[in-house]
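# Reading the structure
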Amino acid sequence: MKAYAMLGLNKAGWIEKDRPSCGPLDAICRPIALAPCTSDIHTVWEGAIGDRSNLILGHEGVGEIVEVGTMVKTFKPGDIVIMPAITPDWGSLEAQSGYAVHSGGMLGGWKFSNIKDGVFAEFIHVNEADANLAFLPEGMEPETGAMLSDMMTTGFHASEQAGVKFGDDVCVIGIGPVGLMAVAGAALRGAANLYAVGTRPNCIKVAREYGATDIVSYKDGPLDEQILEKTKGKGVDRVLIAGGNVDTFDVAIKMLKPGGSIGNVNYLGSGDYIKIPRVEWGVGMGHKTIHGGLMPAGRWRIERLAQMVVNGRVDPSLLITHRLEGFDKIEEGVLLMKDKPADLIKPVISIKW
Ligand code: NDP
Ligand code: ZN
């Protein structure tokens, strides 16, 4: 089969690979909507998880099941399913302890385009299909469904981790597709003042549609100073991080109120340490908490989020700015994600077989 892969550090391209085989608990899908992710870019062009050779990229998409294992109960060939980016081993001790995404070791649930071939392939292997796949709701276009594989569950997880409550003042740092979903999640959880940090005009427009009350540019001076000025020196209750770098934690702590918390979903592609400012962290006693997490997945989670979309609580299709047609457009989609033209939020590739 044909696939688009990481060939080595800083190198991606088309390869031929054997079609994957289906174990008793697994499923094989053909992609019908795929989306490249900033994480694919960190992986190939920042070497964030080390070198990989001929590893198929991609972890966001909707597919049609073409084969299921003998023990799969819920799904059958012909079903249209959301393939979540994270596909844990649900029987693991980590899953039993509530952290399925770390099954088998830290970040171990992140298999696609990390420890096994991803979804940019003519055939996709999904482990533990019953637990990991989710039905695409009737009437939802597959391209919108692809935004549930990763963007929506990740962005929402930022606000879950930070524990956004009714009336909170919230700052979302980074309003690419993940941060935009964090804005939407924070608004749904009751944020009062919602400051969104970013510069791309399309992203700013969608941030406002999702409920941002103020837009701040990290290019206009230190973020903490700008937020402290806007909040009359008080700061915010929650900071959701979906962009920036290792230094972003420094400004996040500085803009956070005592008792506040940070929810990070940004993939820190480079740098060795995160800096925490001693004084603004209350010399160690400020009750300022930092959380960071990989997106939760699983059928239960993804189908619940999909139902929010069905009922009009949030529309993740607003993220889609570039629609490409055909399997051979995967490369163009990946390069769009790498180059991030100013009008890009998220590209999607639609595929007909
Ligand atoms: P984008 O690159 O599209 O967006 C990044 C955002 O951060 C943009 O709004 C950008 O602003 C802003 N930004 C850039 N530099 C700074 C800075 N120095 N300070 C503050 N803001 C800055 O990324 P995505 O939305 O696609 O992804 C966000 C992150 O989430 C990525 O690291 C990705 O790998 C990660 N991720 C994590 C997952 C998880 O499970 N935890 C899952 C999926 C993705 P501008 O408007 O100027 O471009
Ligand atoms: Zn992703």
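Take the nonpolar core next. Judged by nonpolar contacts, the single largest core of 49 residues is most densely connected at Leu-148, Leu-180, Tyr-210 and Leu-240. Element by element, the count of residues in this core is highest for helix α6 (residues 177-188), at seven residues. Built from parts of two domains, this core gets at least three residues from each of domain 1 (2-152 + 295-350) and domain 2 (155-292). Other than its neighbours up to four places away in sequence, Leu-180 contacts Ile-175, Cys-203, Val-206, Ala-207, Tyr-210, Leu-319 and Ile-345. In this structure, Tyr-4, Ile-28, Val-72 and Val-81 belong to the second largest nonpolar core, which totals 38 residues.

Below, the discussion takes up the environment of Asp-250. Relative to the helices and strands, Asp-250 is located in helix α9 (residues 248-255). Since its relative accessible area comes to 12%, Asp-250 is described here as buried. Each C-alpha atom of the pair Asp-250 and Ala-306 lies 35 Å from the other, and the pair is 56 residues apart in sequence.

Bringing the sheet that holds strand β1 (residues 2-8) into the picture now. If you walk across this open sheet you meet the three strands as β2-β1-β4, and the pairing is antiparallel. In the strand order of this sheet, the two ends are held by β2 (11-16) and β4 (55-56), each with one partner. Pairing analysis gives two bridges linking β1 to β4, with the strands arranged antiparallel. Note that in β4 the partner of Met-6 across the bridge is Leu-55.

Attention now moves to the domain arrangement of the protein. According to the domain assignment, the protein consists of domain 1 (2-152 + 295-350) and domain 2 (155-292). A straight line from the C-alpha centre of domain 1 to that of domain 2 covers 27 Å. The interface of domain 1 with domain 2 comprises 30 residues on the first partner and 20 residues on the second. For the pair domain 1 and domain 2, the two sides together bury roughly 1,900 Å², of which 66% comes from carbon and sulfur. The largest share of the area that domain 1 buries against domain 2 comes from Met-151, Leu-318 and Ile-345, three residues that together contribute 26% of it. One can count one salt bridge joining domain 1 with domain 2. When the shortest N-O distance is used, the salt bridge between Glu-160 and Arg-301 registers 2.7 Å.

In the first shell of the zinc ion (ligand 2), the protein supplies Cys-37 (SG), His-59 (NE2), Glu-60 (OE) and Asp-150 (OD), at 1.8 to 2.5 Å from the metal. Taken together, the four donor atoms coordinating the zinc ion (ligand 2) and their angles of 87 to 137° define a geometry best described as irregular. Mapped onto the polypeptide sequence, the residues donating to the zinc ion (ligand 2) form the spacing pattern C-x21-H-E-x89-D. Taken together, the residues His-59 in the loop between β4 and β5 (61-68) and Asp-150 in the loop between α4 (142-146) and α5 (151-162) connect sequence positions 91 residues apart. The buried category is assigned to His-59, whose relative accessible area is 3%.

What counts, and where the lines are drawn
- Residues numbered from 1 in each chain as written.
- Chains lettered and ligands numbered in written order.
- Predicted model: local features only at pLDDT ≥ 70, side-chain atom pairs only at ≥ 80, totals over all residues.
- Heavy atoms only, no water.
- Core = buried A, V, L, I, M, F, W, Y, C linked by side-chain atoms within 4.5 Å.
- Buried < 20%, exposed > 50% of the residue type's maximum accessible area, 1.4 Å probe, protein only.
- Helix = DSSP H or I, 4+ residues; strand = E, 2+ residues; numbered from the N terminus.
- Domains from an automatic or database assignment.
- Contact = heavy atoms within 4.5 Å.
- Pairing = 2+ DSSP bridges.
- Buried area = accessible area lost by both parts, 1.4 Å probe.
- Salt bridge = Lys/Arg side-chain N within 4 Å of Asp/Glu carboxyl O.
- Donors = N, O, S within 2.8 Å, 3.2 Å for Na, K, Ca; no water.
- Tetrahedral: all angles 85-135°; square planar, octahedral: opposite > 155°, others 65-115°.

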